[in-house]
Number of protein chains: 2
Amino acid sequence: MTLPRIAVDAMGGDEGVRVMIEGAALARRRHDRFKFLLVGDEERIKTALENHPNLRGASEILHATDVVSGDEKPTQALRRAKTTSMGLAINAVKTGAAGAAVSAGNTGALMAMSKLALRTMPGIDRPALSALLPTLGENDMVMLDLGANTECDARNLVQFAIMGAAYSRIVTGRDEPRVRLLNIGTEETKGTDELQMAAAQLKAAAKDLAMSFDGFVEADKINRGEVDVVVTDGFSGNIALKAVEGTARFVADLLRRSFASSLRSKFGFLVSRPATELLKHHLDPNNHNGAVFLGLNGVVVKSHGSANAVGVANAVAVTARLLEHNITERIVADLERLGGSHLRRTAKAAE
Amino acid sequence: MTLPRIAVDAMGGDEGVRVMIEGAALARRRHDRFKFLLVGDEERIKTALENHPNLRGASEILHATDVVSGDEKPTQALRRAKTTSMGLAINAVKTGAAGAAVSAGNTGALMAMSKLALRTMPGIDRPALSALLPTLGENDMVMLDLGANTECDARNLVQFAIMGAAYSRIVTGRDEPRVRLLNIGTEETKGTDELQMAAAQLKAAAKDLAMSFDGFVEADKINRGEVDVVVTDGFSGNIALKAVEGTARFVADLLRRSFASSLRSKFGFLVSRPATELLKHHLDPNNHNGAVFLGLNGVVVKSHGSANAVGVANAVAVTARLLEHNITERIVADLERLGGSHLRRTAKAAE
């Protein structure tokens, strides 16, 4: 099967062109059917490509004169959609010149530009930023929203659940992914009114929505491998995601510090390197890089601004996987087949 | 200096009397000036005390016929304040029979009962659940609210900041603790209106409030040792706290699993035990047990329901420290001296 090519915003991220190109090259070495549209300053991309002939052969360059900066307001960036690398990468998805776009740039701008260019799917009010997180179980779990929508109502949360379940089916192969709403307790009375309303609606419709819904989950239980999809508003989701990342880094730092604190420990560290390498692999956010805006008519993936080449390659792999499994078409079909009537009921209930 | 005695709700917690008494006994072994009022079923307390003559000599028993159950609604528990161990422990603080109360029971009930019996301090609208979290720096940081108030306005957040700073002064010895509001980005435009309003008010008043306030902090930066007080609403605070706890456990499980995966690793694990013990010490929530309801006319400390004896002893130690440093009087004084005029302005701004 031929894979549509992936547009890479080569200018985004803390490290810029070099890391984005290196990451794309790494992804290409792993999967030689990947093809790319590299968007950005042509000269700089060409220079970066000199070290990566394998990527050069699989890529076309789309020159962009301009770059969205990290601290730019989304409204400001929107006005420069036709000249910036980010804007042009998204536009390539709109025109069909690419099947998906990856950017490590300003998240707010990426969201605003994607929404304007690609529009939300029929039946979806707002796109949600969604990522895979490691668990103790066999599969990663899907969490959304991770920061695209600061405040969400019950209707948004129900839509996020449907989109998250579609993503999880691809990841886990489960027909009925186990979906939960993130809350500060599992009792029905816990949390905000919107959360309670969303829970009631999902409970009533779980069968139609081809998901297993069992109410709320607390933030200390999300990575036990017992939940496939964790649904939350963008504020709480972002707090939870970053708390997880920060704690993982905290622990890695402690581990390093404690291993360095004695000669005996140093020796132990060397002997047990395979174990600590496994741990490092699990804790390194680069190995879980690539968050997707679900709910748009097209696939747009956000790579972390501080990701290294391995991280960028993983974001590209996430993008390819979503393309391969036609995530967009699958969500649209789910919404039509399962969610259509339900969402109308939800809309009424929420009014 | 004599320390007022501490009322212990001996019936709360997943393990009940045995663990609470063992924990109190452990705390007493560490600090022989601690005195206790043990509240609960007299027979069972006496039986548990048989193994702990040191505690028995330092304790009085207050018999309670009834227990607040874990899944009981706060409104229901309130009606049984005069017969339950939790209610009587709190009442002992009110009457002065004890200087503070510790319970491992139902958090919602503990909050409701404490609020009704002890009332909030003048100048404080709502108490906040506050705990110490480990950091990479020299000192623990104070985080509040951790779940007492699902939704908070700017005025609540400003009051939490003042209370958290008072707690942090005791913990860190700093005259001007570094206070931040938890948010999903550090730019001024990030987060809800209430957060932005709270930030503006704290910025304007930081000097009067004897704190160093520098806006927002993201959840991945709270444990770097660069912040002393993290202020948030109870929903986000609870999510952040549990995400931290869950990730720490996740990592500990991974570490165990990876060390067990090869003989070489097993050997490495043994050799590096001092390092992994240090890590375990940092990750075990028992070592950070004891969350206090700040803002009440009296000290009430929540011990985690699943805490072991070491955890209970740590909650008792937190209680003793707060008593020793007169946390209640210090917050009242801060509010009067620094916050009084400011809080009135805040109240106006929030209207």
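Note that the structure is predicted; figures quoted are calculated from it, not measured.

A. View of the overall build of chain A. Looking only at helices and strands, chain A features 13 helices and eleven strands. For chain A, long-range pairs separated by at least 24 residues make up 71% of all intrachain contacts whose partners lie at least 6 apart in sequence. Just so you have it, chain A exposes about 14,200 Å², and 49% of that area is on carbon and sulfur atoms.

B. Structural detail: helix 2 (residues 42–49) of chain B. Residues and elements named next belong to chain B. Turning to helix 2, its buried residues number three or more, namely I45, A48 and L49. Taken down its axis, helix 2 places every buried residue within 100° of arc, on the same side. Those residues of helix 2 that are buried are in contact with helix 1 (17–30), strand 2 (36–40), helix 3 (53–56) and strand 3 (59–63). Between a side-chain oxygen at the N-terminus of helix 2 and the backbone nitrogen of E43 the separation is 3.2 Å; the capping residue is D41.

C. Inspection of the sheet that holds strand 6 (residues 141–144) of chain B at higher detail. Residues and elements named next belong to chain B. Read across the open sheet, the eleven strands follow the order 3-2-1-4-11-10-5-6-9-7-8; overall the sheet is mixed. In the strand order of this sheet, the two ends are held by strand 3 and strand 8 (212–217), each with one partner. Sheet twist, expressed as the mean angle between neighbouring strand axes with direction ignored, is 25°. Here strand 1 (residues 6–9) runs beside strand 2; their pairing, made up of four bridges, is parallel.

D. Structural view of unusual backbone geometry. Cis geometry marks the peptide bond from A:L144 to A:D145, where omega comes out at -5°. Tracing the chain through its elements places A:D145 in the loop between strand 6 (141–144) and helix 7 (154–172). Within the chain, B:R119 stands out as a residue other than glycine whose phi angle is a positive 65°. Within the secondary structure, B:R119 sits in the loop between helix 6 (107–118) and strand 5 (128–133). Positive phi is not limited to glycine here, since B:N326 has a value of about 50°. Within the secondary structure layout, B:N326 lies in the loop between helix 12 (309–324) and helix 13 (327–350).

E. Representation of the nonpolar core within the structure. Counting residues in each nonpolar core, the largest one holds 227 residues, and the members touching the most others are A:Y167, A:L181, B:Y167 and B:L181. Among residues more than four places away in sequence, those in contact with A:L181 are A:L157, A:L195, A:A198, A:A199, A:L202, A:F213, A:G215, A:F216, A:V217 and A:V231. Counting twelve residues, the second-largest nonpolar core is a separate cluster that includes A:L254, A:L283, B:V251 and B:L254.

F. Local environment of the sheet that holds strand 10 (residues 291–294) of chain A. All names here are of chain A. An order of 3-2-1-4-11-10-5-6-9-7-8 is seen for the eleven strands of this open sheet, with the pairing classed as mixed. Both edges of this open sheet fall to strand 3 (59–63) and strand 8 (212–217), since each of them pairs with a single strand only. Taking the axes of each pair of neighbouring strands and ignoring which way they run, one obtains an average angle of 25° across the sheet. Looking at chain direction, strand 2 (residues 36–40) and strand 3 are connected through five bridges and run parallel.

G. Representation of the packing of helix 7 of chain A against helix 8 (residues 193–205) of chain A in the model. Residues and elements named next belong to chain A. In contact at an axis separation of 8 Å, helix 7 and helix 8 are set at 45° when each is read in the N-to-C sense. Considering their axes alone, helix 7 and helix 8 lie oblique with respect to each other. Helix 8 is crossed by helix 7, and the crossing has right-handed handedness. In contact with A154, L157, V158 and A161 of helix 7, helix 8 contributes E194, L195, M197, A198, Q201 and L202.

H. Main features of the side chain of A:D233. All names here are of chain A. Here D233 lies in the loop between strand 9 (229–231) and helix 9 (234–259). Of the side chains with opposite charge, R126 lies nearest to the buried D233, which makes no salt bridge, at 8.9 Å. In this structure the side chain of D233 is engaged in a polar contact, spanning 3.0 Å, whose partner is the backbone nitrogen of S236.

I. Fine view of the pattern of salt bridges. Residues and elements named next belong to chain A. A full pass over the atoms with the stated rule returns 32 salt bridges over all chains. Notably, a salt bridge pairs R80 with D66, separated by 2.5 Å at the nearest N-O pair. Of this pair, R80 sits in the loop between helix 4 (74–78) and helix 5 (85–95) while D66 sits in the loop between strand 3 and helix 4, and the two are 14 residues apart along the sequence. Judged by relative accessible area, which is 24%, D66 ranks as partly exposed. Between R169 and D334 there is a salt bridge, with the nearest N and O atoms lying 2.8 Å from each other.

J. Spotlight on the pairing of strand 10 (residues 291–294) of chain B. All names here are of chain B. Alternating residues of strand 10 divide into A291 and F293 and V292 and L294, and every residue in both groups is buried. Summarising the sheet, strand 5 and strand 10 pair through three bridges and their orientation is antiparallel. Counted as the bridge partner of A128 is L294 from strand 10. Taken together, the two bridges between strand 10 and strand 11 (residues 299–302) define a ladder with antiparallel strand orientation. Bridged to V292 within strand 11 is V301. Linking two consecutive strands that pair antiparallel, namely strand 10 and strand 11, is a turn of four residues; a positive phi of about 110° is found at G295 within it.

K. Region of interest: the confidence of the model for chain A. Across chain A, the average pLDDT comes to 89, with 89% of residues at or above 70. pLDDT under 50 marks residues 344–351 of chain A. Its contacts with residues more than four places away, or in other chains, come to eight contacts.

L. Spatial organisation of helix 6 of chain B. Residues and elements named next belong to chain B. Under the 1.5 Å per step criterion, the end-to-end length of helix 6 is 16 Å for twelve residues, consistent within 8% with the ideal 16 Å. Of all the residues in helix 6, the buried ones are A109, L110, M111, A112, M113, S114 and L118. Buried positions along helix 6 lie against helix 4 (74–78), helix 5 (85–95), strand 4 (100–103), strand 10 and strand 11. At the N-terminal end of helix 6, a side-chain oxygen is found 3.1 Å from the backbone nitrogen of G108, two or three residues along, and the residue is N106. Positioned one or two residues after helix 6, R119 has a phi angle of 65°, which is positive.

Thresholds applied
- Residues numbered from 1 in each chain as written.
- Chains lettered and ligands numbered in written order.
- Predicted model: local features only at pLDDT ≥ 70, side-chain atom pairs only at ≥ 80, totals over all residues.
- Heavy atoms only, no water.
- Helix = DSSP H or I, 4+ residues; strand = E, 2+ residues; numbered from the N terminus.
- Contact = heavy atoms within 4.5 Å.
- Areas by Shrake-Rupley, 256 points an atom, 1.4 Å probe, with all protein chains shown as cover.
- Buried < 20%, exposed > 50% of the residue type's maximum accessible area, 1.4 Å probe, protein only.
- Arc of directions from axis to C-beta.
- Polar contact = N/O pair within 3.5 Å; in protein donor to acceptor, adjacent residues only side chain to side chain.
- Pairing = 2+ DSSP bridges.
- Axes fitted to C-alpha atoms, helices over the stretch in contact; angles between N-to-C directions.
- Core = buried A, V, L, I, M, F, W, Y, C linked by side-chain atoms within 4.5 Å.
- Parallel < 35°, antiparallel > 145°, perpendicular 65-115°, else oblique.
- Left-handed = near helix turned anticlockwise from the far one by under 90°.
- Lys, Arg positive; Asp, Glu negative; His and termini not counted.
- Salt bridge = Lys/Arg side-chain N within 4 Å of Asp/Glu carboxyl O.
- pLDDT = per-residue confidence, 0-100.
- Expected span 1.5 Å × (residues − 1).

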